[in-house]
Each structure stands twice: as structure tokens, then as C-alpha cells.
Amino acid sequence: MVEGTMMSGRDQEPSHYYVGIDVGTGSVRAALVDQRGLLLAFAEQPIKKWEPQFNHHEQSSEDIWAACCLVTKEVVQGIDAHRIRGLGFDATCSLVVLDKEFHPLPVNHEGDSSRNVIMWLDHRAVSQVHRINETKHRVLQYVGGVMSVEMQAPKLLWLKENLREICWDKAGHFFDLPDFLSWKATGVTARSLCSLVCKWTYSAEKGWDDSFWKMIGLEDLIDDNYSKIGNLVLLPGASLGIGLTPEAARELGLPSGIAVAASLIDAHAGGLGVIGADVRGHGLTCERQPVTSRLAVICGTSSCHMGISKDPVFVPGVWGPYFSAMVPGFWLNEGGQSVTGKLIDHMVQGHPAFPELQAKATARCQSIYAYLNGHLDLIKKAQPVGFLTVDLHVWPDFHGNRSPLADLTLKGMVTGLTLSQDLDDLAILYLATVQAIAFGTRFIIETMEAAGHSLSTLFLCGGLSKNPLFVQMHADITGMPVVLSQEVESVLVGAAILGACASGDFTSVQLLQVEFFPGCFSRLAFYLEL
Ligand SMILES: Nc1ncnc2c1ncn2[C@@H]1O[C@H](COP(=O)(O)OP(=O)(O)O)[C@@H](O)[C@H]1O
Ligand SMILES: O=C(CO)[C@H](O)[C@H](O)COP(=O)(O)O
């Protein structure tokens with residue numbers, strides 16, 4: 001591993017601030033960022049999740065908004081509020097359902113309207129997505145050839161077929177979570193091009209395709225010019241209405257009227273936060289290559305592999321190509337693994353030696369992952385850590401395969417199990433899981449390259465990029481250098497970039513990548529051991 005340091009202009013006094021809010025699967029985070037891209041304050045708050053039955057995952061939009069308010073108030077404490085110029089949101093691509101008066105509607109048989117969000121990882125709409133894929137409609141070409149059960153059309157069809165009276169007939173607004181948040185802040189129901197293109201089959205060039213909604217039995221959504229799912233579509237970063245409403249301002253602890261941006265999905269905010277990083281002076285091959293040689297990998301509960309191109313590239317089993325959905329003017333392909341952080345947590349927490357691990361990590365004031373990484377260092381002795389798993393292998397598709405096999409029926413598998421239940425066994429199973437995930441990334445890269453991408457360098461961000469073993473395994477197994485930004489909360493930097501763009505202080509997201517990034521990527525860490 002090599003670490004590089006470059007000089008930056010961080011000593012200037014900040015004159016403008018931007019707030020970024022990132023709603024992940026497990027928590028909401030907020031950051032106060034200045035005009036140099038420097039993150040000055042950070043706060044995090046867990047959010048509620050329900051799993052009322054297997055493969056049903058629900059959340060509450062009220063709970064999520066309350067968490068947004070809490071973390072925002074925390075990061076702006078003690079700051080001259082008049083210097084806050086813009087606010088940007090990103091969030092998971094979960095489906096929020098509201099009635100005609102914008103009140104939450106239940107997405108469950110129990111009729112509990114506080115649970116009005118079908119989470120992105122919910123796999124309830126299996127039968128619906130099979131029928132949608134059987135249509136072979138032309139819009140499917142733009143999601144890798146196969147629609148995922150995690151997208152919105154199958155979930156909408158499930159609601160119509162299963163909760164007609166208590167939900168579907170009463171529904172006035174179906175939002176992607178990032179768009180719900182910008183509506184809540186401004187009262188403007190405009191949707192971000194990012195959400196609609198990536199999860200709702202909208203085309204940046206042609207708009208909605210009526211024939212698709214008719215063919216799948218959701219022709220009622222076409223009524224009133226698609227008012228329930230969005231008929232005003234804005235580029236991420238565009239300023240919404242007249243900014244923050246007085247009510248939202250009071251709740252968030254911000255001045256009313258500050259600019260609020262059209263949002264991004266969380267992975268796309270992370271991609272925006274890292275893909276334009278200034279890597280000059282580190283001897284990386286991508287320094288002399290176009291930005292299309294970079295693959296941003298946003299790794300949290302899931303991993304998302306974001307590669308951009310000047311022309312559309314059709315990659316079987318990899319979502320997209322999506323025009324202008326992340327970086328304006330570029331096409332995006334999005335590979336993904338539905339559970340990565342969640343899988344590692346699942347494997348580690350389910351092992352009989354987990355209580356021992358927790359006790360030992362606590363005694364050393366370490367996270368369980370820092371402890372496990374140290375433990376692997378002890379047991380590997382002189383051999384490279386990778387050799388500890390020569391006869392233990394994990395197939396990581398415990399929640400289906402998102403890319404490149406696009407097969408939600410796949411399940412997980414472990415081979416090479418013994419009767420051992422000790423901490424060594426747990427550590428090696430953890431290592432094999434991390435390796436399996438990294439091999440999944442390699443499989444996605446190989447598929448993207450076979451279809452026309454030319455990739456040389458990985459840019460990682462998200463919670464898992466804080467785990468050195470995870471990062472190192474990705475470098476070793478893909479054979480590519482991995483770049484990390486100094487600012488570990490790159491997803492939040494992406495959200496703040498949106499706020500900065502909406503404020504008018506910068507002219508466009510692309511320009512921001514030039515003006516904003518040299519400051520925030522002043523130190524980059526590279527993992528190059530091959
Ligand atoms: N310091 C760390 N070391 C190892 N793993 C971490 C660390 N921080 C977070 N993670 C893992 O990252 C995942 C969550 O990432 P995060 O980006 O917070 O997720 P999300 O955006 O989906 O809520 C979890 O699986 C967690 O165990
Ligand atoms: O589908 C996705 C992006 O298109 C993400 O997987 C989803 O939004 C969840 O993200 P995270 O793992 O960061 O919580």
C-alpha cells in the first residue's frame with residue numbers, strides 16, 4: 001500500500017457552506033461542506049427497518065425525515081446560517097407511497113401506514129418482474145436486458161395486485177426516496193432524471209413510453225400526464241422551486257429559501273463524489289486516460305459499480321446504459337451486488353464465535369472488523385493472507401445475483417466447512433466472504449469490458465471502503481489499483497455538490513468536478529499490491 005499527499009488550498013476561510021444529506025439503508029448522515037469541498041461536520045442517525053415476512057423490507061418516510069432533521073440540526077450548530085447556500089439529498093432507491101393529500105399509505109397487508117416505503121432490497125414482486133421480463137419490451141434494453149425485482153415497476157404492479165383498496169386506489173404520489181426528500185424540503189414534486197431513468201424506465205431522450213405501462217397492466221399511471229410518478233423531470237443539481245419552505249426550514253434548523261437541489265440515488269452521489277478525483281502526481285495510469293477508464297464502486301449494504309462512457313454501451317446483465325443519470329452528458333452502466341456489507345455482517349454475526357469476537361474487540365476498543373483483520377494477520381504467519389482460504393469458498397449471491405447474471409433466484413453457498421467453530425474459523429470464513437465479493441466485482445468488470453468498456457482503476461467509497469482488507473482484496477483480485485479519497489464520506493460530498501450546484505455558486509456539476517475536487521481529494525490512498 002502506498003499513500004500520497006498533495007498540497008491543497010485548505011487554509012482559506014470558508015465563505016460558503018453546503019449541506020449534504022445521505023440516506024443509506026441503515027442510517028441517515030449529514031455533512032456540512034465548504035466551498036473548497038472540505039467536510040467540516042458530520043452526524044449520523046440510525047433509521048428503522050421492518051421485515052414483516054421473508055423478502056419484504058419496509059421503512060417509514062416520516063422516520064427517515066425525522067432523522068434527516070436531527071442530523072442536519074447537528075451539523076449546522078454554531079455556524080452563521082446565512083452562509084449556508086445550498087442543500088442536496090441522496091438516498092437509496094426505495095419506493096415511497098403517499099395519498100392524494102401527501103399522507104403515508106401502507107405498503108403491507110397489516111395496513112400499517114407508518115410503513116409506507118418498500119425498500120430497494122425488497123424482493124416481494126418476483127411474479128410481477130417475471131411477467132414484465134416476459135414482455136421483452138424495448139425499455140428492457142436499457143436495464144441490461146432484464147428488469148430487476150429491485151426496480152419500481154414490479155413493486156408498483158405488486159401494490160396494484162395485492163393492496164388495491166388500502167393502497168393502490170388511494171395513492172396520489174409514488175416517489176423514489178431521493179425525490180420524496182426534495183419534495184418534503186421544497187413542496188416541489190419534480191423528479192430527478194437520475195431516479196426516473198435508473199429505476200422507472202424513463203428515457204432522458206424520449207420520456208415515458210406509454211406502451212410499456214399499458215403492456216404490463218399499469219396503464220392507469222399514464223393518466224393526467226403521469227402525475228403520480230412524475231411529469232416534471234430535472235437534472236440532478238437543478239434548483240427546485242423557491243428553495244426550502246418555511247416549514248421544512250424550521251424542521252431542519254436551516255434558513256428558509258436556501259437552494260435545494262434535484263437529488264441523486266445514493267450510489268450515484270458516491271460516484272459523482274469520486275469519479276472526477278484529481279489524481280495528478282501519483283503515477284497512476286488513469287492520470288493519462290479519459291475519465292471513462294475509472295470505475296466507481298460504492299460499497300455499503302450493497303455494492304454498485306458505476307462506469308461511464310461517451311456513447312451507449314449495452315452490457316448484458318448490467319443496468320443501463322442510462323444517459324446523464326450520474327455525470328451530465330455521459331452514459332452510465334451500473335453493475336451491482338445486492339448484498340455485500342449486509343452479507344459480511346450476516347456471516348460474521350451468525351457464527352458461533354461471534355460473542356467471543358465482540359468481547360475481544362470491545363476489550364481492545366476496536367471495531368469487530370479491525371479486530372478480525374488483525375487476527376488474520378496473526379494466523380496467516382508468513383504466507384499471504386489470500387492463501388488461508390485455499391479450501392474454503394463462498395458463493396456470495398445470498399440475495400440473488402444483480403450483475404452480471406441478473407438472476408434473482410440464485411442463492412448463497414459455502415464449500416469446505418469443517419466442525420471448527422473457533423475464532424480462527426470465523427476469521428477465515430469472513431476472509432472467504434470478502435474474497436467472494438471481490439471476485440463478483442471482477443466478474444462485473446470482465447463483463448463490462450467484453451461489452452466495450454475499457455477500465456483501469458477502481459475508485460472505492462461507502463462504509464466498506466473503510467475496511468482495509470475489503471479494499472486490498474479488491475485490488476488483488478481485480479489486478480487494478482484502488483483509489484480512496486482522503487474524505488471517506490465521499491457520498492456526502494456528492495450530495496453537497498448537488499447543493500452547491502443548486503446554489504448557483506458553480507455553474508454545473510461537471511464544472512464542480514474541476515473546481516470542487518482538487519480540495520477534497522488532496523490525499524489519496526492507493527492499494528496496489530498485485
Ligand atoms: N470501519 C469499518 N470497517 C469495516 N466495515 C465497515 C466499517 N464501517 C462500515 N462498515 C460496513 O459497511 C456497511 C455499511 O456501509 P454504509 O455505507 O454505512 O451503508 P448504507 O449506505 O447502506 O447504510 C456495513 O456492512 C458495515 O459493517
Ligand atoms: O440500487 C442501488 C443504487 O442504484 C443501491 O444498491 C441502493 O440504493 C442501496 O444502496 P446502499 O447499499 O448504499 O444502501
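Everything numeric in this text was worked out from a predicted model, so none of it was measured.

Some remarks on the overall build of the protein chain
Helix and strand content of the protein chain: 17 helices and 22 strands. Whereas a compact globule of 530 residues would reach a radius of gyration of roughly 24 Å, the protein chain reaches 22 Å, a difference of no more than 12%. Looking at the 530 residues of the protein chain, the share that counts as buried comes to 61%. Of the contacts formed within the protein chain by residues at least 6 apart in sequence, a portion of 71% connects residues at least 24 apart. Carbon together with sulfur atoms contributes 54% to the accessible area of the protein chain, which is approximately 20100 Å² in total. Counting 39 positive and 56 negative side-chain charges, the protein chain places the averaged centre of each group 1 Å from the other.

Section: the UniProt feature "domain: Carbohydrate kinase FGGY C-terminal" (unreviewed entry) in the protein chain
As annotated in UniProt, the feature "domain: Carbohydrate kinase FGGY C-terminal" (unreviewed entry) corresponds to residues 295–502 in the numbering used here. Along residues 295–502 the backbone is 40% helical and 19% strand, and the end-to-end C-alpha distance reaches 26 Å.

Re the packing of aromatic side chains
Counted under the stated rule, the structure contains 13 aromatic pairs. Aromatic side chains Tyr-142 and Phe-314 sit 5.4 Å apart centroid to centroid with 70° between the ring planes, which places their arrangement in the edge-to-face category. Note that Tyr-142 is positioned in the loop between α2 (126–134) and α3 (152–162) and Phe-314 in the loop between β15 (303–309) and β16 (319–323), a separation of 172 residues in sequence. In this structure Phe-314 comes out as partly exposed when scored by relative accessible area, which is 40%. Note on Tyr-202 and Trp-208: the rings are 5.0 Å apart at their centroids and 80° apart in plane angle, and the pair reads as edge-to-face. Within the aromatic cluster, the residues linked to one another by ring pairs are Tyr-202, Trp-208, Phe-212, Trp-213 and Tyr-226. Above the ring of Trp-158, the side-chain terminus of Arg-124 is found at 4.6 Å from the ring centroid. The aromatic ring of Phe-330 is capped on one face by Lys-310, whose charged end is 4.3 Å from the ring centroid.

What to know about the site of ligand 2
Neighbouring ligand 2 are 15 residues, the closest being Thr-25, Lys-199, Asp-266, Ser-302 and Glu-334. With respect to ligand 2, the side chain of Glu-334 contributes an N or O atom lying 2.6 Å from an oxygen atom. Residue Arg-402 places a side-chain N or O atom 3.1 Å away from an oxygen atom belonging to ligand 2. Taken by itself ligand 2 offers 370 Å² of open surface, and the protein chains cover 95% of this.

Examining the pattern of salt bridges
Under the defined criterion, the tally for this structure stands at 21 salt bridges. Asp-169 is paired through a salt bridge with Arg-164; the nearest N and O atoms lie 3.5 Å apart. Residue Asp-169 is classed as partly exposed on the basis of its relative accessible area, which comes to 42%. Residue classification places Arg-164 among the partly exposed residues on the basis of a relative accessible area of 41%. What emerges from the salt-bridge pattern is a single network uniting Glu-58, Glu-110, Asp-112, Arg-115, Asp-122 and Arg-124.

Things to note about the site of ligand 1
If you check the shell around ligand 1, you find 14 residues, and the closest are Thr-25, Arg-29, Thr-301, Asp-345 and Gly-463. Taking Gly-26, its main chain carries an N or O atom lying 3.1 Å from an oxygen atom of ligand 1. Within the contact set of ligand 1, an oxygen atom lies 2.5 Å away from a side-chain nitrogen or oxygen of Thr-301. A total of 580 Å² of accessible area belongs to ligand 1 in isolation, and the protein chains cover 74% of it. Its residues assigned to classes, the shell around ligand 1 comprises 2 nonpolar, 9 polar and 3 charged.

A short note on the packing of helix α13 (residues 423–450) against helix α14 (residues 468–478)
At a minimum axis separation of 9 Å, α13 and α14 run at an interaxial angle of 45°. In terms of orientation, α13 and α14 fall into the oblique class. Relative to α14, α13 is oriented so that their crossing is right-handed. Contact residues: Tyr-430, Leu-431, Val-434, Gln-435, Ile-437, Ala-438, Phe-439, Thr-441, Arg-442 and Ile-445 in α13; Leu-469, Phe-470, Met-473, His-474, Ile-477 and Thr-478 in α14.

Conventions and cut-offs
Residues numbered from 1 in each chain as written. Chains lettered and ligands numbered in written order. Predicted model: local features only at pLDDT ≥ 70, side-chain atom pairs only at ≥ 80, totals over all residues. Heavy atoms only, no water. Helix = DSSP H or I, 4+ residues; strand = E, 2+ residues; numbered from the N terminus. Rg over C-alpha atoms; globule rule 2.2 N^0.38 Å. Buried < 20%, exposed > 50% of the residue type's maximum accessible area, 1.4 Å probe, protein only. Contact = heavy atoms within 4.5 Å. Areas by Shrake-Rupley, 256 points an atom, 1.4 Å probe, with all protein chains shown as cover. Lys, Arg positive; Asp, Glu negative; His and termini not counted. Charge placed at Lys NZ, Arg CZ, Asp CG, Glu CD. UniProt positions renumbered as here; feature names shortened; annotations may be inferred. Phe/Tyr/Trp six-rings, centres within 6.5 Å; stacked < 30°, edge-to-face > 60°. Lys NZ or Arg CZ within 6 Å of the ring centre and 35° of its normal. Near = heavy atom within 4 Å. Polar contact = N/O pair within 3.5 Å; in protein donor to acceptor, adjacent residues only side chain to side chain. Salt bridge = Lys/Arg side-chain N within 4 Å of Asp/Glu carboxyl O. Nonpolar A, V, L, I, M, F, W, Y, C, P; charged D, E, K, R; others polar. Axes fitted to C-alpha atoms, helices over the stretch in contact; angles between N-to-C directions. Parallel < 35°, antiparallel > 145°, perpendicular 65-115°, else oblique. Left-handed = near helix turned anticlockwise from the far one by under 90°.

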